[in-house]
Amino acid sequence: MIKLTVFSILFFYFNFSISQESKSEEFTQIINSNLSTEELLVFAESLSDAVSDISEVNINLSVLDAGLSESNTLRKNIGLVKGNMFFAEIVGSDIPKTFVIDNFNEHIENVFTYDGFILGDENSFFSFASNNGLVTGKIVYDFKNYTIVHDGETRQVMLQFDPKKIPFDQNDFVKMEGIPLSESEEKFLIEEKLKLIDSDSRSTTTTVKVLFLYASDTYDPAGTVSIMISEFNAALSTSGVTNKFISSAGIIPLNTTFSGQCKRTVLDSMTAASGIFSDLPQRRDAANADLIFTIINDGGVSSPDPFCRVGGVANLPANINNSNVPYAVSADSFILADNTGSHETGHVLKGYHVRDDSGTPTASRGFHNAAKGWQSMMGSYEGNCAPFTGPNSPCVRLNQFSNPSNTYNGDPIGKIGKKDFAGYLDNTSMIAASIYRNTNPPIPNIPSSLNVNQGNCFGLNGLNWTDNDINTLRYVLSYSTQSNFSNSSQIYNGWDKITSINVLTDPWYLRVKACNASGCSGWSNQVTANRISTCN
Ligand SMILES: [Zn+2]
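The text that follows walks through the structure, step by step, so that each part is easy to find. Quick caveat, the model's predicted, so the values are computed rather than measured. (Residues numbered from 1 in each chain as written. Predicted model: local features only at pLDDT ≥ 70, side-chain atom pairs only at ≥ 80, totals over all residues. Heavy atoms only, no water.)

## So, the overall build of the protein chain
Now for step 1: A tally of regular secondary structure across the protein chain gives 10 helices and 27 strands.
Now for step 2: Going through the 536 residues of the protein chain one by one, you find that 55% of them count as buried.
Now for step 3: Partitioning the contacts of the protein chain with sequence separation of at least 6, the portion at a separation of at least 24 is 65%.
Now for step 4: Total accessible area on the protein chain is roughly 21900 Å²; 49% of this is exposed by carbon and sulfur atoms. (Helix = DSSP H or I, 4+ residues; strand = E, 2+ residues; numbered from the N terminus. Buried < 20%, exposed > 50% of the residue type's maximum accessible area, 1.4 Å probe, protein only. Contact = heavy atoms within 4.5 Å. Areas by Shrake-Rupley, 256 points an atom, 1.4 Å probe, with all protein chains shown as cover.)

## Observations concerning the packing of helix H5 (residues 221–238) against helix H9 (residues 340–348)
Now for step 1: Orientation of H5 relative to H9, taken along the N-to-C sense of each, is 60°, at an axis distance of 9 Å. Accordingly, the angle class assigned to the pair H5 and H9 is oblique. Note that H5 runs across H9; the crossing there is right-handed. Seen from H5, the contacting residues are Met228, Glu231 and Phe232; seen from H9, they are Gly341, Ser342, Thr345 and Gly346.
Now for step 2: Grouping the constituent residues of the contact of H5 with H9 by class yields 2 nonpolar, 4 polar and 1 charged. (Axes fitted to C-alpha atoms, helices over the stretch in contact; angles between N-to-C directions. Parallel < 35°, antiparallel > 145°, perpendicular 65-115°, else oblique. Left-handed = near helix turned anticlockwise from the far one by under 90°. Nonpolar A, V, L, I, M, F, W, Y, C, P; charged D, E, K, R; others polar.)

## Considerations on helix H6 (residues 263–272)
Now for step 1: What H6 keeps buried is the set Lys263, Val266, Leu267, Ser269 and Met270. The arc that holds every buried residue of H6, seen down its axis, measures 155°, which confines them to one face.
Now for step 2: Downstream of H6 by one or two residues, Ala273 has phi in the positive range, about 50°. (Arc of directions from axis to C-beta.)

## Here's the deal with the sheet that holds strand E21 (residues 460–466)
Now for step 1: Strand order in the open sheet made by the 3 strands is E20-E21-E24, with antiparallel pairing throughout. With partners counted over all chains shown, the strands left at the sheet margins are strand E20 (448–454) and strand E24 (498–502), one partner each. Pairwise comparison of adjacent strand axes, ignoring direction, gives a mean angle of 25° for this sheet.
Now for step 2: As judged from the 5 bridges shared by E21 and E24, these two strands associate in the antiparallel manner. Bridge assignment links Asn464 to a residue of E24, and that residue is Ile498. (Pairing = 2+ DSSP bridges.)

What follows is the structure, encoded as structure tokens:
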């Protein structure tokens with residue numbers, strides 16, 4: 001079952017709806033796009049079918065997944081553009097809201113993400129990720145945050161995040177040793193570094209690549225990561241950061257639940273490259289990643305601090321040009337529910353909390369307007385925004401970075417020359433973070449000694465192999481019912497050098513290769529795994 005730690009006890013079933021009347025309205029609204037009338041009708045019908053199926057079935061979002069996949073194909077085929085819309089109810093109101101699609105992305109292979117906004121709320125945001133039958137979602141509307149998750153049984157549910165239940169934890173980041181450089185000093189170092197890069201190979205866009213790791217018991221990691229990337233990129237765009245994005249450098253399961261460890265302990269292990277993170281710097285190289293983000297499950301842990309698994313933590317570099325441990329950790333349900341994934345990523349990009357106007361640095365700080373009850377992305381529930389203590393506590397975290405040129409309901413989101421993290425991201429830290437890794441690792445050597453161990457139950461077989469290259473990011477195991485590997489399929493994609501499979505037809509032929517950011521090795525030796533007729 002899903003966890004309800006700091007979520008409202010109100011528990012709603014997600015209810016999409018669309019009416020015939022609104023369908024014609026939808027069509028009228030989207031006629032301004034570049035599509036032909038016929039193309040628009042086809043899209044509107046497919047999306048409507050998917051959405052109304054949900055209303056009728058009320059539980060099975062695999063139907064929505066099928067619908068989304070269909071519309072994804074349509075979108076690819078006909079180049080569907082922003083401005084298309086659908087209607088869905090949000091808990092607490094039976095009046096359907098108008099969801100306007102802004103972007104469609106495939107941040108992670110085979111995970112399709114829609115994001116956009118809801119008419120009537122300038123700060124609204126939604127993102128749905130469709131991941132192989134599982135739909136995870138996030139909605140920000142009218143000062144409230146909602147997540148859409150599967151309840152672990154049969155239903156897709158919408159949860160409302162309750163910030164009043166957030167534990168008061170100021171210390172969610174760890175300052176690294178050293179004195180922070182000024183922005184002008186950092187800019188000088190960036191210019192020096194850029195001189196070393198071939199100008200022909202430089203892109204007009206800046207992409208900071210994030211390698212995602214996840215504990216084995218986290219909730220829909222691929223969907224969650226996809227939505228987090230959409231959310232962060234939407235925040236950059238809304239905040240006035242131009243042509244700069246984050247992307248996935250890979251998403252890798254960890255063979256542990258970190259049972260009994262608080263999030264800070266996990267971050268410390270990453271920073272020290274100890275335990276399961278012993279080869280983390282090499283993994284970073286192999287993925288050609290700028291940042292690394294680990295997702296843990298926020299579930300039960302026996303600890304003196306019952307909240308040690310919620311929220312997030314991150315390393316905050318003193319010098320964005322010289323960040324050797326650009327790591328962050330967050331609990332799965334918080335990443336989206338409280339913008340924690342984007343907030344912690346902001347720390348790794350040298351974003352500071354709000355505090356007062358003094359102290360160094362001042363520019364890359366967040367901003368809050370406690371009287372109006374909101375804070376920017378780097379807001380940390382402090383001062384009059386603090387849970388339980390302030391007059392408007394706790395302040396809602398906007399999906400925007402501080403920028404004194406931008407306003408929310410007419411009030412500036414920053415202070416000129418002081419609180420302008422968007423400007424710092426735009427001019428300094430996104431660039432510095434993206435050029436930290438500017439070489440691609442060599443393609444890894446072929447793994448060897450692929451070995452199969454026949455289990456004693458039907459198709460159960462264990463497989464293991466030997467790594468031959470520190471540059472390996474992940475392994476891909478392929479099987480076929482033919483010894484010449486015609487019609488082969490991928491059955492494993494991860495960084496463990498051991499896995500188990502269930503052979504469905506006797507026999508299966510298997511082989512493995514090693515991959516990283518530059519490509520994949522050739523195939524290993526081939527083995528045969530069999531299925532037996534008994535289970536002992
Ligand atoms: Zn923080």
